Amino acid sequence: MIMIQNACVWNGKGEISENFSLLIDGKKFIGMGEGLELPAGCKTIDAGGKIVTPGLIDVHTHLGITEEGIGKDGKDHNETSSPATPQLRAIDGINPLDRGFEDARQAGITTVQVMPGSANVIGGEMSVLKTTGHIVDDMVIRSPSGMKAATGENPKVFHGGKGKMPTTRMGVAALLRENLIEAKNYMESEKKERKLGMENLVKVLNKDIPLRVHAHRADDIVTVLRLKREFGIDVTIEHCTEGHQIADYIAEHDVRVSVGPTLSTRSKVELKDKQWSTIKSLLDAGVPCSITTDHPVVGIQYLLTSAIHAINHGISEEQALRALTSDAAKHLGVENRVGSIEVGKDADFVIWSGNPFELQHHAEEVFIDGAKVN
């Protein structure tokens, strides 16, 4: 049993508590408050009045499935042999010993979603993991946590460049429809042989998991929302680069979005209107937002840096923290476990050297499941 004493707790839900104590038993918060009684034999850690936040969350990464420092051999995120691969599971390609997990922990990031890349119209299932461990199955919080899909230039380039469908945005949308219709027919069929891809897409149709769709341009975002209406499925918009152009329209559709990696360059036509004010426009319209690095497009250690830039362009520190904690947890469907400092939740938290939204400060101590990992 551990008690963190004399902490300034930013709980991830907009509340700040000075001179606060956090009581941890095993992997969970079991008590918190001012003047909390110290149980017999309990170990104590004096936070010295420093800021304590929930562990940060990056909702959209390729951590461990695109390994760093080994080149082509570490790129397991895109199975480009077919434009639609719903049978894939990211968990089968994740190396928990990838250096990126250590970088994440050092930056105060305790939870990530790892997904296939965006070369395919349908890329496969994704998983939510803690950032510590050696066996990926033991790191899982939720798996599967979504089905990856992609619109726009990436599937056009990877497959259209081979003379295969899709060569156009129409082709991308058509392939998505065809696969969802095939899965609906499979679901309704009384006699069927097992088809792993169709089984995985049935989870989307049944709303067990959302379709998480890579969409940068405003017209691609509108296509995703059209498909949401047609099939009655849950979706999230991933990247949402031009979301500021149609923020009010997105707000009408009850979706969550991840914004980023805004720290990257304008490397393709879809990113020409990339800007830091996008998240403010979406939040002002009432669209729930998270912030992502899309690691390794931007190194995962720069997640907080990205949030600082968003603050510099109009969002509040409270909004930024929520985008990295409680709202991010809701985006992933794991808010019952992580994303805020509350009794009953996993003891994932960070003690900061100062205000985390001032770039000169850093994560001094990082805890996952009640154990210090940095």
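Scope of this entry: the structure provided in the associated data block. Note that this is a predicted model, so its numbers are computed, not measured.

**Considerations on the packing of aromatic side chains**
1) Next: Going through the model one piece at a time under the given rule, you end up with three aromatic pairs.
2) Next: Between tryptophan 10 and phenylalanine 357, the aromatic rings sit 6.4 Å apart at their centres with planes inclined by 20°, giving stacked as the arrangement. Of this pair, tryptophan 10 sits in strand E1 (residues 2-10) while phenylalanine 357 sits in the loop between strand E14 (349-352) and strand E15 (363-368), and the two are 347 residues apart along the sequence. Like phenylalanine 357, tryptophan 10 is buried.
3) Next: For the ring pair phenylalanine 29 and phenylalanine 349, a centre distance of 5.9 Å and an interplane angle of 45° mean the geometry is tilted. On the criterion of sequence distance, the pair formed by phenylalanine 29 in strand E3 (residues 28-33) and phenylalanine 349 in strand E14 is long-range, its members being 320 residues apart. Each member of the pair, phenylalanine 29 as well as phenylalanine 349, is classed as buried.
4) Next: Among the aromatic residues, those joined into a ring-pair cluster are Phe29, Phe349 and Phe367.
5) Next: When the ring centre of tyrosine 186 is taken as origin, the NZ or CZ atom of lysine 192, which lies over that ring, is 5.2 Å away.

**A look at the pattern of salt bridges**
Once the charged atoms of two side chains with opposite charge are near each other, the side chains can pair.
1) Next: A full pass over the atoms with the stated rule returns 24 salt bridges.
2) Next: For aspartate 103, the salt bridge is made with arginine 99, and the minimal N-O distance between the two is 3.3 Å. Of this pair, aspartate 103 and arginine 99 both sit in helix H1 (residues 99-106), four residues apart, which is roughly one turn of the helix.
3) Next: Between glutamate 270 and lysine 268 there is a salt bridge, with its nearest N and O atoms 3.5 Å apart.
4) Next: Glutamate 270 gets classed as buried once you look at its relative accessible area, which sits at 0%.
5) Next: A network of salt bridges, in which partner residues are shared, links Lys28, Lys130, Arg337, Asp346, Asp348 and Asp369.

**With respect to the sheet that holds strand E6 (residues 56-61)**
1) Next: The eight strands lie next to each other as E6-E7-E8-E9-E10-E11-E12-E13, forming an open sheet whose pairing is mixed. Edge positions in the sheet fall to E6 and strand E13 (289-291), since each of these pairs with one other strand and no more. Put simply, the sheet's adjacent strands are angled 25° from each other on average, direction ignored.
2) Next: Examined bridge by bridge, E6 and strand E7 (residues 109-114) share four bridges and lie parallel to one another. Each bridged residue has a counterpart across the sheet, and for threonine 61 the counterpart in E7 is valine 114.

**So, the packing of helix H9 (residues 303-312) against helix H10 (residues 317-324)**
1) Next: For the pair H9 and H10, interaxial distance at closest approach is 9 Å and the crossing angle is 145°. Of the two possible hands of crossing, H9 and H10 adopt the one that is right-handed. Each of Leu303, Leu304, Ala307 and Ile311 in H9 lies in contact with H10, whose residues at this interface are Glu317, Ala320 and Leu324.
2) Next: Taken together, the residues of the contact of H9 with H10 sort by class into six nonpolar, no polar and one charged.

**Here's the deal with the nonpolar core**
1) Next: Ranked by size, the top nonpolar core spans 77 residues in total, and within it Leu211, Ile237, Ile250, Val257, Leu282 and Phe357 carry the most contacts.
2) Next: Ignoring sequence-local partners within four residues, the contact set of leucine 282 consists of Cys240, Gly243, Ala247, Ile250, Val257, Val259, Val287 and Cys289.

Analysis parameters
- Residues numbered from 1 in each chain as written.
- Predicted model: local features only at pLDDT ≥ 70, side-chain atom pairs only at ≥ 80, totals over all residues.
- Heavy atoms only, no water.
- Phe/Tyr/Trp six-rings, centres within 6.5 Å; stacked < 30°, edge-to-face > 60°.
- Helix = DSSP H or I, 4+ residues; strand = E, 2+ residues; numbered from the N terminus.
- Buried < 20%, exposed > 50% of the residue type's maximum accessible area, 1.4 Å probe, protein only.
- Lys NZ or Arg CZ within 6 Å of the ring centre and 35° of its normal.
- Salt bridge = Lys/Arg side-chain N within 4 Å of Asp/Glu carboxyl O.
- Pairing = 2+ DSSP bridges.
- Axes fitted to C-alpha atoms, helices over the stretch in contact; angles between N-to-C directions.
- Left-handed = near helix turned anticlockwise from the far one by under 90°.
- Contact = heavy atoms within 4.5 Å.
- Nonpolar A, V, L, I, M, F, W, Y, C, P; charged D, E, K, R; others polar.
- Core = buried A, V, L, I, M, F, W, Y, C linked by side-chain atoms within 4.5 Å.

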